[in-house]
Amino acid sequence: MAGNKTLTMIKPDAVRDGHIGAILNQITEAGFRISAMKLTQLSTADAQAFYAVHAERPFFGELVEFMTSGPIVAAILEKDNAVEDFRTLIGATNPAEAAEGTIRARFAKSIGENAVHGSDSDENAQIEGDFHFAGREQF
Ligand code: ATP
Ligand code: MG
């Protein structure tokens, strides 16, 4: 059975561009409940750990530099079928390929600076939620 939780980050580009409110509005209008949320900034070690699965990829250095370049909003979102439904809401990694009206189609600049993160499995949603939030910060 699909889980009911996913982890999102509003990435530094979208925070810099003033899109926090519009993105959170689109997320809640789509039926997600925010069960944890904060404005924070990743250290280099944090970003390397969070994206460790991509360590061997050619874009890893660029990804870590970008993700540490300014504050992000991290949030845990709840809804039936959360991981899959949230990835539908955000659209393809490359905004040029993201469906019209998706968060990345509306707010992302490029495949690197793509406005939002969404967990890719129930297992990673749990790991990523616990990466950002202590138990007493999850409601
Ligand atoms: P995310 O994990 O951030 O939700 P995703 O699951 O759609 O994105 P991944 O394949 O997990 O995509 O890649 C993680 C992130 O690495 C992307 O969101 C993007 O910021 C960056 N990235 C992926 N591919 C490239 C690329 N070819 N060039 C530059 N950056 C990339
Ligand atoms: Mg991913």
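Here the structure is shown first, and the text comes after it.
Sequence order sets the numbering: in each chain, residues are counted from 1 along the sequence as written. To read the labels, note that chains go from A and ligands from 1, taken in the order they are written. Given that this is a predicted model, residues contribute local features only at a pLDDT of at least 70 and side-chain atom pairs are listed and counted only at 80 or more, while totals for whole chains, interfaces and linings are drawn from all residues. Here the side-chain values reflect all heavy atoms present in the structure, with hydrogen atoms and water set aside.

Visitor: Would you mind going over the overall build of the protein with me for this structure?
Guide: Under the scheme used here, helices are H or I runs from DSSP no shorter than 4 residues and strands are E runs no shorter than 2 residues, and both carry numbers assigned from the N terminus. Helix and strand counts for the protein come out as seven helices and four strands. Sequence-ordered secondary structure for the protein, helices as α and strands as β, is β-α-α-β-α-α-β-α-α-β-α. In summary, the protein has a C-alpha radius of gyration of 14 Å against a globular reference of 14 Å for 139 residues, a match within 12%. In terms of overall dimensions, the protein has C-alpha extents of about 35 × 35 × 30 Å along its principal axes. Residue exposure (1.4 Å probe, protein chains only): buried if accessible area is under 20% of the type maximum, exposed if over 50%, otherwise partly exposed. Residue burial in the protein is summarised as follows: out of 139 residues, 42% are buried. Note on contacts: a residue pair qualifies if any of its non-hydrogen atoms lie within 4.5 Å across the two residues. Considering only contacts within the protein whose residues lie at least 6 apart along the sequence, 77% involve residues at least 24 apart. In these tables, accessible area is a Shrake-Rupley quantity obtained with a 1.4 Å probe, and a residue counts as shielded only by the protein chains included in the view. Roughly 7,200 Å² of accessible area belongs to the protein as shown, and the carbon and sulfur atoms make up 50% of that amount. Positive charge is attributed to Lys and Arg, negative charge to Asp and Glu, and no charge count is given to His or to the chain ends. Where a charge sits is defined by one atom per residue type, namely NZ (Lys), CZ (Arg), CG (Asp) or CD (Glu). Considering the protein, the positive charge centre built from 12 side chains and the negative charge centre built from 20 side chains are found 4 Å apart. Throughout, radius of gyration means the C-alpha value; the globule benchmark is 2.2 Å times the number of residues raised to the power 0.38.

Visitor: Honestly, the sheet that holds strand β3 (residues 72-78) in this entry has me stumped. Any pointers?
Guide: Picture the strands of a sheet paired through backbone hydrogen bonds; they go either parallel or antiparallel. Two strands are said to pair when DSSP picks up at least two bridges between them. If you trace the four strands from one edge of the open sheet to the other, you get β2-β3-β1-β4, paired in antiparallel fashion. Lying at the two open borders of the sheet, with one neighbouring strand each, are β2 (33-40) and β4 (116-118). For this sheet the average axis-to-axis angle between neighbouring strands, irrespective of direction, equals 15°. Of the strand pairs in this sheet, strand β1 (residues 5-10) and β4 are connected by three bridges, and their pairing is antiparallel. Within the sheet, the bridge partner assigned to isoleucine 10 lies in β4 and is valine 116. Relative to the sheet, helix α2 (residues 20-29) contacts β1, β2, β3 and β4, its axis offset from that of β2 by approximately 165°. Every axis corresponds to a line fitted to the C-alpha atoms, with the helix fit spanning only the stretch in contact, and the corresponding angles, defined between N-to-C directions, vary from 0 to 180 degrees.

Visitor: So what exactly am I meant to see when it comes to unusual backbone geometry here?
Guide: Phi at asparagine 81 is positive, roughly 55°, even though this residue is not glycine. Owing to a relative accessible area of 26%, asparagine 81 belongs among the partly exposed residues under this scheme. For alanine 115, which is not glycine, the phi torsion reads 70° and is therefore positive. Residue position: alanine 115 is located in the loop between α6 (103-107) and β4.

Visitor: Where do I start with the site of ligand 1 in this structure?
Guide: Throughout, the term near means that a residue has one or more heavy atoms lying within 4 Å of the molecule or strand in question. The environment of ligand 1 is made up of 14 residues, and the closest members are Lys11, His54, Thr93, Asn114 and Gly118. Pairs of N or O atoms are called polar contacts if they sit within 3.5 Å, as long as, within protein, a hydrogen donor faces a hydrogen acceptor (for residues adjacent in sequence, only side-chain-to-side-chain pairs). In this structure, an oxygen atom belonging to ligand 1 sits 3.0 Å away from a side-chain N or O atom of histidine 54. Contacts to ligand 1 include arginine 87, whose side-chain N or O atom sits 3.0 Å from an oxygen atom. Of all the secondary structure elements, the ones that give two or more residues to the shell around ligand 1 are α4 (60-67) and β4. Classification used: nonpolar for Ala, Val, Leu, Ile, Met, Phe, Trp, Tyr, Cys and Pro, charged for Asp, Glu, Lys and Arg, polar for all others including Gly. Residue composition of the shell around ligand 1, by class: four nonpolar, six polar and four charged.

Visitor: Can you walk me through the side chain of lysine 11 in this structure?
Guide: Note that lysine 11 resides in the loop between β1 and α1 (12-16). Only one rule defines a salt bridge in this text: a Lys or Arg side-chain nitrogen within 4 Å of an Asp or Glu carboxyl oxygen. Despite its burial, lysine 11 pairs with no opposite charge, the nearest such side chain being aspartate 13 at 7.0 Å. Residues within four places of lysine 11 in sequence aside, it is in contact with Tyr51, Phe66, Met67, Ile72, Arg104, Asn114, Ala115, Val116 and His117.

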